[in-house]
Amino acid sequence: MKKIEIDDELYRYIASETRHIGESASDILRRLLKMDATQPVQPVIVTESVQAPAQKQDAEPKSVTPAKNPVREIRELLLSDSYAEKTKSVDRFLQILSTLYHIDSITFTQSAETVHGRTRTYFAGDEQTLLDSGRHTKPRHISGTPFWVITNSNTERKRSMVQIIMQDMKFPANEIDKVCGTI
């Protein structure tokens, strides 16, 4: 198996296309490229390092579509009908976590690894890890992510988990307060 380096944006895209926990990057790429696992892949021979040509200073800048604003995405979530229809705090909690993951999967993943209790693990890649970390954890899958989270914690603990992740993602304090206040 060969290793390749990819930029953060491409990594987030590949991670966002995960359909189930444990799906490898190779499996995701094969699915996206519509390649059969038994289909032979033609080798690519690289004979020299290829670098992009230097841009001339008088060249016109290319237009780039800006990435969505994370604060705007969170505000859109809070104003959405699907969020407003949620009557249980646990459902709002899960939808917020899913949205945060899709905004920045790398920071979310790094932050989720650091958020835990004295004896409990709060986030994991599988249900069994959370079940093993304590009694009555009631793990639930975070939709559209490879993560599971404990849900048998009080609302204040859920707010604390979201707050830590949003702080790590560099959200403004007032936005963090708004989001946590809706849980």
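Calculation rules
- Residues numbered from 1 in each chain as written.
- Predicted model: local features only at pLDDT ≥ 70, side-chain atom pairs only at ≥ 80, totals over all residues.
- Heavy atoms only, no water.
- UniProt positions renumbered as here; feature names shortened; annotations may be inferred.
- Core = buried A, V, L, I, M, F, W, Y, C linked by side-chain atoms within 4.5 Å.
- Buried < 20%, exposed > 50% of the residue type's maximum accessible area, 1.4 Å probe, protein only.
- Helix = DSSP H or I, 4+ residues; strand = E, 2+ residues; numbered from the N terminus.
- Contact = heavy atoms within 4.5 Å.
- Phe/Tyr/Trp six-rings, centres within 6.5 Å; stacked < 30°, edge-to-face > 60°.
- Axes fitted to C-alpha atoms, helices over the stretch in contact; angles between N-to-C directions.
- Parallel < 35°, antiparallel > 145°, perpendicular 65-115°, else oblique.
- Left-handed = near helix turned anticlockwise from the far one by under 90°.
- Nonpolar A, V, L, I, M, F, W, Y, C, P; charged D, E, K, R; others polar.
- Salt bridge = Lys/Arg side-chain N within 4 Å of Asp/Glu carboxyl O.
- Expected span 1.5 Å × (residues − 1).

Under an unreviewed UniProt entry, the chain has the name Negative modulator of initiation of replication and belongs to Proteus myxofaciens ATCC 19692. Check the Sequence similarities (unreviewed entry) section of the UniProt entry for the chain; it says "Belongs to the SeqA family." Listed under Subcellular location (unreviewed entry) in UniProt, the entry text for the chain is "Cytoplasm".

> A description of the nonpolar core should follow, citing residues and the corresponding values.
Soluble globular proteins tend to bury their nonpolar side chains together. Within the largest apolar cluster, 35 residues are counted, with the highest numbers of intra-cluster contacts made by Leu97, Leu100, Phe108, Phe123, Val162 and Phe171. Listed by contribution, the elements that provide at least two residues to this core are α3 (70–79), α5 (89–103), α6 (105–114), β1 (123–124), β3 (148–150), α8 (155–168) and α9 (173–182). Of the residues forming this core, the biggest block, eight residues, is contributed by α5. Each residue touching Phe108, except ones within four places of it in the same chain, is listed here: Leu97, Leu100, Tyr101, Phe123, Ile142, Phe147 and Ile165.

> If you had to explain the packing of aromatic side chains to someone new, which residues and values would you point to?
In total, this model carries four aromatic pairs according to the counting rule given. Here the aromatic rings of Tyr101 and Phe108 are separated by 5.6 Å at their centres, their planes lie at 85°, and the arrangement is edge-to-face. Of the two residues examined, Tyr101 and Phe108, each falls in the buried class. Centroid distance Phe108 to Phe147: 5.4 Å. Interplanar angle 65°. Geometry classified as edge-to-face.

> Which residues make up the environment of Ser26, and what values go with them?
Residue placement: Ser26 occurs in helix α2 (residues 25–32). We classify Ser26 as partly exposed; its relative accessible area is 36%. As for Ser26 and Ile14, which are separated by twelve residues in sequence, their C-alpha atoms are 9.7 Å apart.

> With reference to specific residues and values, describe the packing of α3 against α5.
It is at 10 Å that the axes of α3 and α5 come closest, and there the two elements cross at 155°. What the angle tells us is that α3 and α5 run roughly antiparallel. Relative to α5, the crossing made by α3 is right-handed. Together, Pro70, Glu73, Ile74 and Leu77 of α3 and Gln95, Ile96, Thr99, Leu100 and Ile103 of α5 make up the contact between the two elements. Within the contact of α3 with α5, the residues separate by chemical class into six nonpolar, two polar and one charged.

> Give a description of the pattern of salt bridges that names residues and reports values.
All chains considered together, the criterion is met by four salt bridges. Arg159 is the partner of Glu156 in a salt bridge, and the nearest nitrogen-oxygen pair spans 3.3 Å. Of the two residues, Glu156 and Arg159 are both situated in helix α8; the distance of three residues between them amounts to about one turn of the helix. Put simply, Arg75, Glu175 and Lys178 are held in one network by salt bridges that share partners.

> Give a detailed account of α5, specifying residues and quantitative values.
Taking 1.5 Å per residue as the helical rise, α5 with its 15 residues ought to reach 21 Å, and the 21 Å between its terminal C-alpha atoms agrees with that figure. Within α5, 13 of the 15 residues are buried, which leaves it mostly tucked inside the rest of the structure.

> With reference to specific residues and values, describe the environment of Phe108.
Relative to the assigned elements, Phe108 resides in helix α6. For the pair Phe108 and Asp168, spaced 60 residues apart in sequence, the C-alpha to C-alpha distance is 7.9 Å.

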